[in-house]
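Notes for the structure review
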Amino acid sequence: MDIEEIKPQRSISLVKTCIIFFISVVIIFTTARYMSNEDFRSSVNRNIFKSEVSEDTLKSIDIDNNTNVNIYAYDKYITVLAKNLLLQYDETGDLVSKLDVNISVPIMDSAGKFLAIAENSGQKIYLVSGKEIVWERELEGEISRVSVNEKGFVSVIIKNTAYKSKIIVFDNSGTDLFTIFLHSNYAICADISDNSKYLAVGEVSYSGTIVKSSVYIYSMEKAQTDPKNAVINSYEADGGELIIGINYNGSDTAVCMFNSYVQKVTKDSNERLYDITPYDSFIDISLDSEIAIINRSETGMFSYEYQIDFKNTLGKSERVYILNQDVPNFVVSNKNKIAVNLGREVEFIKTSGWLKKKYISNTTVNSVVLGDSIAGIVYKNKIVIISL
């Protein structure tokens, strides 16, 4: 190949490199501006992504405001529990199932296609999937907390028996796999890993001068034959800390929230993930592999700006979503997204830091329920349905 042939090839290669560099700069600049500039973000969402929806254009479910109803969302369903009936609606607002559930004051948890529902301080518990009740049980003692994973394995914390607490674990067919008895500590929370190999239990001791919280990781295989010796790792929290919740991220990482920090506990390690600050107004550990933190910063004598930080629990990556001066009323989460209620607006934000959907309301929103692919905007007499 002679010199005259090489020169055009180098020129073409240089042009390609410049184009790629220019596109990369535009993408980085646009992404940064989208994350940090509310006006620019609103314009992009409205005109390009078409992600804004309003109350008047969506289907809804009518509810009786004179009846005590409990509203929840999981998988692709909006559920309404009232008068011992669990009504399930799809994204079109059609009633797809009506299940007899003898529960008045529910405790609920969901993962994937499964919904665990129990009577708060009662004995009844149900596992629901799709349009059917998979199994139901009546347990001795008083149920204080339930948890279910995506395989349908359920943990139940029971109080007011001969023990301080009991934790019963069921498989997805309702078979009682094992029971853990606590003689001196109280079980506050529990969660089962995605692969159903590990159970994490958060316990509290009130016997000393200060509260002591601990987390124990159990091998579920060993617990079925020898539960007393099934602990494979444990973590003792700082003195005075009260454990608030546990959520398994994947198959090995139990994310544990205490009063003033968040800790990661695995089958063979412990690691501090985050120290809570006075500027944090909300923290959620129930997302998939993320912690969501809403914090504020002063912009004037009586003015603040709010932002959401998404911190990955399996690595070191972080993403930010700017709320500016919008004060969040409350936040709910599911898998890889959160819903932030801002009064007459609800923003559905992905853990990637991008807006998934924005809902505009005519009046103040009472509450929001969030499933995998569906959300419900709850008012006094109706639930507006949003497909996600």
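The notes below deal with the structure included here. (Residues numbered from 1 in each chain as written. Predicted model: local features only at pLDDT ≥ 70, side-chain atom pairs only at ≥ 80, totals over all residues. Heavy atoms only, no water.)

With that settled, consider the sheet that holds strand β6 (residues 95-100). Overall, antiparallel pairing links the 4 strands, which are arranged β3-β4-β5-β6 in an open sheet. The sheet terminates laterally at β3 (70-74) and β6, the two strands that pair on one side only. Direction aside, the axes of adjacent strands within the sheet are offset by 20° on average. In this structure, strand β5 (residues 85-89) lies alongside β6, joined through 5 bridges in antiparallel fashion. Each bridged residue has a counterpart across the sheet, and for Leu87 the counterpart in β6 is Lys98. (Pairing = 2+ DSSP bridges. Helix = DSSP H or I, 4+ residues; strand = E, 2+ residues; numbered from the N terminus. Axes fitted to C-alpha atoms, helices over the stretch in contact; angles between N-to-C directions.)

Let us look at the sheet that holds strand β2 (residues 60-62). Read across the open sheet, the 4 strands follow the order β2-β33-β32-β31; overall the sheet is antiparallel. At either end of the open sheet lies a strand with only one pairing partner, and these are β2 and β31 (367-370). The average undirected angle you get between the axes of adjacent strands in this sheet is 20°. Bridge count between β31 and strand β32 (residues 374-378): 4 bridges; the pairing is antiparallel. Directly across from Leu370, in β32, lies its bridge partner Ala375.

A few words on a nonpolar patch on the surface. A cluster of nonpolar side chains, Tyr186, Tyr206 and Leu242, forms an exposed patch at the surface whose accessible area comes to about 270 Å². Examined against the element boundaries, Leu242 turns out to sit in the loop between β18 (231-236) and β19 (245-249). (Patch = residues over 30% accessible without salt bridge, like charges linked within 9 Å, V, L, I, M, F, W, Y side chains within 5 Å. Areas by Shrake-Rupley, 256 points an atom, 1.4 Å probe, with all protein chains shown as cover. Salt bridge = Lys/Arg side-chain N within 4 Å of Asp/Glu carboxyl O.)

Moving on: the environment of Ile107. Tracing the backbone shows Ile107 in strand β7 (residues 106-111). Overall, Ile107 belongs to the buried group, its relative accessible area being 14%. In the structure, Ile107 is positioned 13 residues away from Asn120 in sequence and 5.6 Å away in space, judged by C-alpha atoms. (Buried < 20%, exposed > 50% of the residue type's maximum accessible area, 1.4 Å probe, protein only.)

What follows concerns the packing of aromatic side chains. Applying the stated criterion to the full structure yields 6 aromatic pairs. Measuring from centroid to centroid gives 4.6 Å for Tyr163 and Phe181, while their planes differ by 45°, and the two rings are tilted. Pair noted here: Tyr163 is in the loop between β12 (154-159) and β13 (165-170) and Phe181 is in strand β14 (residues 176-182), with a separation of 18 residues, a long-range link. Classification of Tyr163 by relative accessible area gives partly exposed; the value is 30%. Accessibility expressed as a relative area gives 39% for Phe181, which makes it partly exposed. Aromatic ring contacts, followed pair by pair, group Tyr235, Phe258 and Tyr261 into a single cluster. Just above the ring of Tyr261 sits the side chain of Arg272; from NZ or CZ to the centre is 3.6 Å. The positively charged end of Lys382 is found above the aromatic ring belonging to Tyr379, 5.6 Å away from the centroid. (Phe/Tyr/Trp six-rings, centres within 6.5 Å; stacked < 30°, edge-to-face > 60°. Lys NZ or Arg CZ within 6 Å of the ring centre and 35° of its normal.)

This part covers the environment of Glu52. For Glu52, the location among the structural elements is in strand β1 (residues 52-54). Given a relative accessible area of 27%, Glu52 falls into the partly exposed group. Through-space distance from the C-alpha of Glu52 to that of Lys356 is 9.1 Å; in sequence the pair is 304 residues apart.

We now examine the pattern of salt bridges. Taken as a whole and assessed by the stated rule, the structure comprises 11 salt bridges. When the shortest N-O distance is used, the salt bridge between Asp238 and Arg272 registers 3.4 Å. On the criterion of sequence distance, the pair formed by Asp238 in the loop between β18 and β19 and Arg272 in strand β22 (residues 270-275) is long-range, its members being 34 residues apart. Taking relative accessible area as the criterion, Asp238 reaches 37% and is therefore assigned partly exposed. Look at Arg272 and you get partly exposed, because its relative accessible area is 35%. Close ionic contact of Asp275 with Arg272 constitutes a salt bridge, the shortest N to O distance being 2.8 Å. For Asp275, a relative accessible area of 44% puts it in the partly exposed group. In the salt-bridge network here, residues are joined through shared partners; they are Glu150, Lys335 and Asp372.

By themselves, these figures tell us nothing about what the structure is for.
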